[in-house]
Amino acid sequence: MSQLTKQPETQNGKQENPKRKTTPRQIAALVCVVLLVGMYIGAFIVACLDLGDSGRLFAGCLVATIGMPILLWLLIWSIELMKKRRDDNRPPQDTDAGIGAE
């Protein structure tokens with residue numbers, strides 16, 4: 001039988017989750033979700049109050065629902081590509097320069 005490792009328990013008897021590092025990808029995705037939800041709420045309010053141009057705002061929400069995640073993915077992909085190219089173009093650092101180099 002395999003033994004499972006237990007996570008530390010709190011005073012309430014519940015298991016606590018170890019802290020996870022929030023990545024820039026997660027932050028960007030959360031910002032995208034917040035922007036989309038804000039736009040949906042704004043479109044709903046404009047439609048309910050009949051302030052005009054609610055049809056155009058709804059169409060904009062539909063376009064943004066598809067376009068924002070795609071643009072976010074392209075942005076993240078291009079940043080990772082630039083980082084990779086920057087790291088590939090860096091000359092290798094000689095960490096053992098002074099030790100035994102005779």
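Here the structure is shown first, and the text comes after it.
These lines cover the structure that appears in this document, whether it is placed above or below. All of these numbers come straight from a predicted model, not from anything done at the bench.

### Points about a nonpolar patch on the surface
Move 1: Where nonpolar side chains cluster on the molecular surface, the patch consists of Val33, Val37, Tyr40, Ile41, Phe44, Ile45, Leu49 and Leu51 and spans about 780 Å² of accessible area.
Move 2: Within the element layout of this structure, Val37 appears in helix α1 (residues 24-49).

### Let's talk about the layout of surface pockets
Move 1: The space that makes up the largest pocket amounts to roughly 190 Å³.
Move 2: Lining the largest pocket are Pro24, Arg25, Ala28, Leu72, Leu75, Ile76, Ile79, Glu80 and Lys83.
Move 3: Those elements that place two or more of their residues in the lining of the largest pocket are α1 and α2 (54-89).
Move 4: Among the elements that line the lining of the largest pocket, the one with the most residues is α2, at six residues.
Move 5: Looking at side-chain class alone, the lining of the largest pocket contains six nonpolar, no polar and three charged residues.

### Overview of the pattern of salt bridges
Side chains carrying opposite charge are able to pair once their charged atoms draw close together.
Move 1: Tallying each qualifying case throughout the model produces two salt bridges.
Move 2: As a salt-bridge pair, Arg86 and Asp87 come within 3.8 Å of each other at their nearest N and O atoms.

### Re the packing of α1 against α2
The description of two helices packed together rests on the angle between their axes and the distance between the axes.
Move 1: For the pair α1 and α2, interaxial distance at closest approach is 10 Å and the crossing angle is 175°. In terms of axis orientation, α1 runs roughly antiparallel to α2. Packed against α1, whose contacting residues are Arg25, Ala28, Ala29, Cys32, Leu35, Leu36, Met39, Tyr40, Gly42, Ala43, Val46 and Ala47, the element α2 presents Ser54, Leu57, Gly60, Cys61, Ala64, Thr65, Met68, Pro69, Leu72, Ile76 and Glu80 at the interface.
Move 2: Tallied by class, the residues present in the contact of α1 with α2 amount to 17 nonpolar, four polar and two charged.

Cut-offs and rules
Residues numbered from 1 in each chain as written. Predicted model: local features only at pLDDT ≥ 70, side-chain atom pairs only at ≥ 80, totals over all residues. Heavy atoms only, no water. Patch = residues over 30% accessible without salt bridge, like charges linked within 9 Å, V, L, I, M, F, W, Y side chains within 5 Å. Areas by Shrake-Rupley, 256 points an atom, 1.4 Å probe, with all protein chains shown as cover. Salt bridge = Lys/Arg side-chain N within 4 Å of Asp/Glu carboxyl O. Helix = DSSP H or I, 4+ residues; strand = E, 2+ residues; numbered from the N terminus. 1 Å grid on protein atoms, 1.4 Å probe; cavity = no way out; pocket = protein on both sides within 12 Å on 5 of 7 lines; lining within 4 Å. Points joined across faces, edges and corners; volume = space filled by probe spheres on them. Nonpolar A, V, L, I, M, F, W, Y, C, P; charged D, E, K, R; others polar. Axes fitted to C-alpha atoms, helices over the stretch in contact; angles between N-to-C directions. Parallel < 35°, antiparallel > 145°, perpendicular 65-115°, else oblique. Contact = heavy atoms within 4.5 Å.

Nothing here speaks to function; it is geometry throughout.
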